[in-house]
Amino acid sequence: MNKFILSVAIACTFLLASCGDFDPSEEYVDGKFNRFVQKEQENSTTFEMKDNLGITDTYTDYTYRHKPEYYDYRVEGTINNLEVHVLIQCTDDGGDLTVHCGSGEDVKIVFRDLKGDQKKHKDGYRVKVLDSLEVNGKTYSDVLEIDATGAKNNACDYDKAYIAANKGLVRIDLQDSITIERTSKKATERTPID
Amino acid sequence: MNKRFFFTITAAIGIAATAILGGCYCDGCTTDTCSEVRHENWHLFDFQKEKNFFGQPKSARYSHSSGFEFEMKRTTDSTYKETVYDFCFEGTEENRLLRYTSTYPIMEIDVHIGAERYQGSVLINFADNHFNFWTDSTGKIEDSHEILDTARYNGVLYDSVYVIHGHKFTTWEHDRFEREQTGKVPYAYVSRTKGILRILTSDGDTLTLIGSEDNHE
């Protein structure tokens, strides 16, 4: 009987703390990627993006993050059938960053062992954390650049996507010539129902 | 924790599992036995195989309520089979998919065409808005839908326009936010000979046909 209790306790411990005990003062995601897991947050916002052809579109995002080891961000357009989805999770080796792409089928591009400010995937994709990026006259700090321009077969809807740690999607480049930028119009925020 | 407590817990889990499984069994299934399973294979009706099914073109130009125009091109035309299971029934259903895509803005309209024994189905998907209607084996749309005798879109007059009420599904948005959504009822306006004339989405956007390139070859 004692062995049974012990086994359950060990299993629960592994399930609840696969990366450790989540001491908020510890770092579970390395390098500048760590800047995306410095907040407790769950919300959804709706905001406006405008492209260089003059088309304005409404985007809806969903953010869930847990300090200091988890960040899940998804966003999609209303007119544009575009989706950007990125996930950062702790591991024993500095964390994984997964970019989900693919219309209809989910193609996962996983960057392992995060450190420094950038990583390159074997298939040619890159991710980089920029200290700042100016979009539409506004400067955003800690911006994740997802770069699919070097990919052998780009499964993403875009060439590049830029996600600010504290704001969400700020810019998308696609089809060589189109740039979609976040406008200064205030986003509307929805909080979850408990 | 003694043995009695352990067995009590085990028994409780067992009872709960039985209740859950039993509930499912009684709710969704039946205790009747099936003496003979009927087999049927449904095929697309002739009108559903037509290249320009319901007047759906090779490409079409639409205007968007946000003030731009775009081209929808047929990029997929494929047939596939699905297995259908029901009580005392097993069969296959032949389906056809017509997919229209716009390069930019990135948009997609899927027209799923299906057939059962006596009736055909059409499901139009656009940006999480879904429109479904049934036809008879000759292509006549079921009577339950409103019909406009005439309708003029972008200066072109169309006869007999069917108004199809739709609904919206969100694909990824968290359940806890979904309950707060207040979208409008989407509508599709469909012609038996000119295809999709107009779509009003739950977000308030409107796509309206300007003109199309016929598929007659």
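Residues numbered from 1 in each chain as written. Chains lettered and ligands numbered in written order. Predicted model: local features only at pLDDT ≥ 70, side-chain atom pairs only at ≥ 80, totals over all residues.

A. Examining the overall build of chain A more closely. Looking only at helices and strands, chain A features one helix and 13 strands. Burial analysis of chain A (194 residues in total) assigns 36% to the buried set. The long-range share in chain A, meaning contacts at least 24 apart out of those at least 6 apart in sequence, stands at 47%. (Helix = DSSP H or I, 4+ residues; strand = E, 2+ residues; numbered from the N terminus. Buried ≥ 20, exposed ≤ 12 C-beta atoms within 10 Å, placed from the backbone. Contact = placed C-beta atoms within 7 Å.)

B. Main features of the overall build of chain B. The helix and strand tally for chain B stands at three helices and 12 strands. Out of the 217 residues belonging to chain B, those deemed buried represent 23%. Put simply, of all contacts in chain B between residues at least 6 apart along the chain, 52% involve residues at least 24 apart.

C. Inspection of the environment of B:Arg99 at higher detail. All names here are of chain B. By secondary structure assignment, the location of Arg99 is in strand β4 (residues 89–102). Residue classification places Arg99 among the partly exposed positions, given that 17 C-beta atoms sit within 10 Å. Along the primary structure Arg99 and Asp136 are separated by 37 residues, whereas in three dimensions their C-alpha atoms are 23 Å apart. Once residues within four sequence positions are removed from consideration, Arg99 is found in contact with Thr75, Thr76, Glu108 and Asp110.

D. Quick look at the confidence of the model for chain A. Averaged over chain A, the pLDDT score is 88; the fraction of residues at 70 or greater is 88%. A low-confidence stretch, residues 8–17 of chain A stays under pLDDT 50, and its non-local contacts, those more than four residues away or across chains, total one contact. (pLDDT = per-residue confidence, 0-100.)

E. Spatial organisation of the confidence of the model for chain B. Residues and elements named next belong to chain B. Looking at chain B as a whole, the pLDDT averages 83, with 78% of positions reaching at least 70. Note on residues 1–29: pLDDT under 50 across the span, and four contacts to partners over four residues away in sequence or across chains. Among the scores for the predicted complex, ipTM is 0.82 and pTM is 0.81.

F. Summary view of the environment of B:His145. Residues and elements named next belong to chain B. Structurally, the position occupied by His145 is in the loop between β7 (129–136) and β8 (146–153). Through-space distance from the C-alpha of His145 to that of Gly183 is 21 Å; in sequence the pair is 38 residues apart. Once residues within four sequence positions are removed from consideration, His145 is found in contact with Phe133, Tyr162, Val163 and Ile164.

G. How the structure looks around the nonpolar core. With 45 residues, the main nonpolar core has A:Val86, A:Ile88, A:Leu144, A:Ala161 and A:Ile163 as its most contacted residues. Here A:Ile88 is in contact with A:Val29, A:Phe33, A:Phe36, A:Val37, A:Tyr70, A:Tyr71, A:Gly95 and A:Leu97, once residues within four sequence places are set aside. B:Leu98, B:Ile109, B:Ile199 and B:Leu207 belong to the second largest nonpolar core, which has 27 residues in total. (Core = buried A, V, L, I, M, F, W, Y, C linked by C-beta atoms within 7 Å.)

H. Representation of the pairing of strand β5 (residues 107–115) of chain B. Residues and elements named next belong to chain B. Only one face of β5 is buried: it carries Met107, Ile109, Val111, Ile113 and Ala115, and the other face, with Glu108, Asp110, His112 and Gly114, is open. Bridging between β4 and β5 involves eight bridges; their strand directions are antiparallel. Following the sheet pairing, Ser102 is matched in β5 by Met107. Taking the residues that link successive antiparallel strands as the turn, the β4-β5 hairpin has four residues. Bridging between β5 and strand β6 (residues 119–126) involves seven bridges; their strand directions are antiparallel. Along β6, the bridge assignment pairs Val111 with Ile124. Counted between consecutive antiparallel strands, the loop separating β5 from β6 contains three residues. (Pairing = 2+ DSSP bridges.)

I. Structural view of the environment of A:Pro68. Residues and elements named next belong to chain A. The residue Pro68 is located in the loop between β2 (56–66) and β3 (70–77) in this model. Residue classification places Pro68 among the buried positions, given that 20 C-beta atoms sit within 10 Å. Considered as a pair, Pro68 and Glu26 are 42 residues apart in the sequence and their alpha carbons are 7.5 Å apart.

J. Summary view of the pairing of β4(B). All names here are of chain B. Alignment of strand β1 (residues 38–42) against β4, held across five bridges, turns out to be parallel. Bridge assignment links Asn41 to a residue of β4, and that residue is Thr92. In the sheet, strand β3 (residues 69–86) pairs with β4 via 13 bridges, with the strands oriented antiparallel. Note that in β4 the partner of Tyr80 across the bridge is Asn95.

K. Representation of unusual backbone geometry in the model. Residue A:Lys67 is joined to A:Pro68 through a cis peptide bond whose omega torsion reads 5°. Going from B:Tyr104 to B:Pro105, the amide bond is cis rather than trans, its omega being -10°. Structurally, B:Pro105 can be placed in the loop between β4 and β5. Notably, B:Phe54 is not glycine yet its phi reads approximately 55°, a positive angle. Of note, B:Asn154 is a non-glycine position whose phi angle comes to about 50°, a positive value. Along the chain, B:Asn154 turns up in the loop between β8 and β9 (156–168).

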